[in-house]
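Geometric and topological summary
Each chain, letter by letter, is given below.
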Amino acid sequence: MCLFAILAGMFPRIAFAVYWIARPASVDAAFDTFILPLLGLIFLPFTTLMYVFLMQGVGTIQGLDWLWLFLAVILDLASIGGAGAAN
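Residues numbered from 1 in each chain as written. Predicted model: local features only at pLDDT ≥ 70, side-chain atom pairs only at ≥ 80, totals over all residues. Heavy atoms only, no water.

**A look at the overall build of the protein**
In plain terms, the rule: Helix and strand definitions follow DSSP, with helices as H or I runs of at least four residues and strands as E runs of at least two, each counted in order from the N terminus. Contact between two residues is taken to exist if any of their heavy atoms lie within 4.5 Å; hydrogens are not considered.
On a plain count of helices and strands, the protein comes out with five helices and zero strands. Going from N to C terminus, the protein has its helices and strands arranged as α-α-α-α-α. Counting contacts in the protein only where the partners sit at least 6 residues apart, residues at least 24 apart contribute 50% of the total.

**Topic: the nonpolar core**
To keep it simple, the criterion reads: Buried residues of nine kinds, namely Ala, Val, Leu, Ile, Met, Phe, Trp, Tyr and Cys, make up a nonpolar core once their side-chain atoms join them within 4.5 Å. Residue exposure (1.4 Å probe, protein chains only): buried if accessible area is under 20% of the type maximum, exposed if over 50%, otherwise partly exposed.
The biggest cluster of nonpolar side chains holds 13 residues, and the ones touching the most others in it are Phe-16, Tyr-19, Val-27, Ala-30, Phe-31 and Val-52. Counting residues per element, this core draws most heavily on helix α4 (residues 45-55), at four residues. Contacts of Val-52, omitting those with residues within four sequence positions, involve Phe-16, Tyr-19, Ser-26, Val-27, Ala-30 and Phe-31.

**Quick notes on helix α5 (residues 65-86)**
Spelled out, the test is: To estimate how far a helix should extend, the number of its residues minus one is multiplied by 1.5 Å. The arc in question is the one spanned by the directions pointing from the helix axis to the C-beta atoms.
With 22 residues, α5 should reach 32 Å at 1.5 Å per residue; the first-to-last C-alpha distance of 32 Å fits that figure. The set of residues buried in α5 consists of Asp-65, Leu-69, Ala-72 and Asp-76. The buried residues of α5 occupy an angular sector of 55° when the element is viewed end-on, so they sit on one face. Of the exposed residues in α5, those oriented more than 90 degrees away from the buried face are Leu-77, Ala-85 and Ala-86. Here the buried face of α5 lies against α4.

**Focus: the packing of α4 against α5**
Any two packed helices are characterised by how steeply their axes cross, that is the angle between the axes, and by the distance between the axes. Condition: Note on geometry: axes are lines fitted to C-alpha atoms, helical ones only across the stretch in contact, with angles between N-to-C directions running from 0 to 180 degrees. In these notes the angle categories are as follows: under 35 degrees is roughly parallel, over 145 is roughly antiparallel, 65 to 115 is roughly perpendicular, and the rest is oblique. Handedness of a helix crossing follows the sense of rotation of the near helix relative to the far helix, less than a right angle counterclockwise being left-handed and clockwise being right-handed. Any residue outside Ala, Val, Leu, Ile, Met, Phe, Trp, Tyr, Cys, Pro, Asp, Glu, Lys and Arg is labelled polar, Gly included; the first ten of those are nonpolar and the last four are charged.
It is the contact of α4 with α5, at a shortest axis distance of 7 Å, that shows an interaxial angle of 160°. Put simply, α4 runs roughly antiparallel to α5. For the pair α4 and α5, the sense of crossing is right-handed. In this structure, α4 contributes Pro-45, Phe-46, Thr-47, Met-50, Tyr-51 and Leu-54 to the contact, and α5 contributes Asp-65, Trp-68, Leu-69, Ala-72, Val-73, Leu-75, Asp-76 and Ser-79. Broken down by class, the residue content of the contact of α4 with α5 amounts to 10 nonpolar, two polar and two charged.

**Notes on the confidence of the model for the protein**
Test applied: A score from 0 to 100, pLDDT tells how confident the predictor is in each residue.
In this model, the protein carries a mean pLDDT of 85, and residues with pLDDT of at least 70 account for 89%. Between the elements of the protein, mean pLDDT differs from a low of 73, seen in helix α1 (residues 2-22), to a high of 94, seen in helix α3 (residues 35-43).

**What to know about the packing of aromatic side chains**
Quick reminder of the rule: Pairs were defined over the aromatic rings of Phe, Tyr and Trp, the Trp ring being its six-membered one, requiring ring centres within 6.5 Å. Orientation was assigned from the angle between planes: stacked under 30 degrees, edge-to-face over 60, tilted for the rest.
Using the criterion set out here, one finds four aromatic pairs in the structure. A centroid spacing of 5.2 Å and a plane angle of 80° characterise the contact between Tyr-19 and Phe-53, whose relative ring orientation is edge-to-face. You can see Tyr-19 sitting in helix α1 and its partner Phe-53 sitting in helix α4, a full 34 residues away along the chain. A relative accessible area of 15% places Tyr-19 in the buried class. Note on Phe-53: relative accessible area 41%, which makes it partly exposed. Arranged with centres 5.2 Å apart and planes meeting at 40°, the rings of Phe-31 and Tyr-51 form a pair that is tilted.

Shown next, in the form of structure tokens:
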């Protein structure tokens, strides 16, 4: 059960890492430097992954994209808070 909890908590990080390896041009187009996606991978994986997905279309965040980005931030904060409460 502990292994499942660790894997479930690591899923957004693994998903972003696999996406970054598979499509590095998409991540490079969304961010100017290497450090921002790396910090996003460590601290806010849902938000970073959503930002990369949203930047692929038009190249800017506009309209309902802000809602999706806000929901990703809330999901990151909830996962951090849930992990803190569990410990």
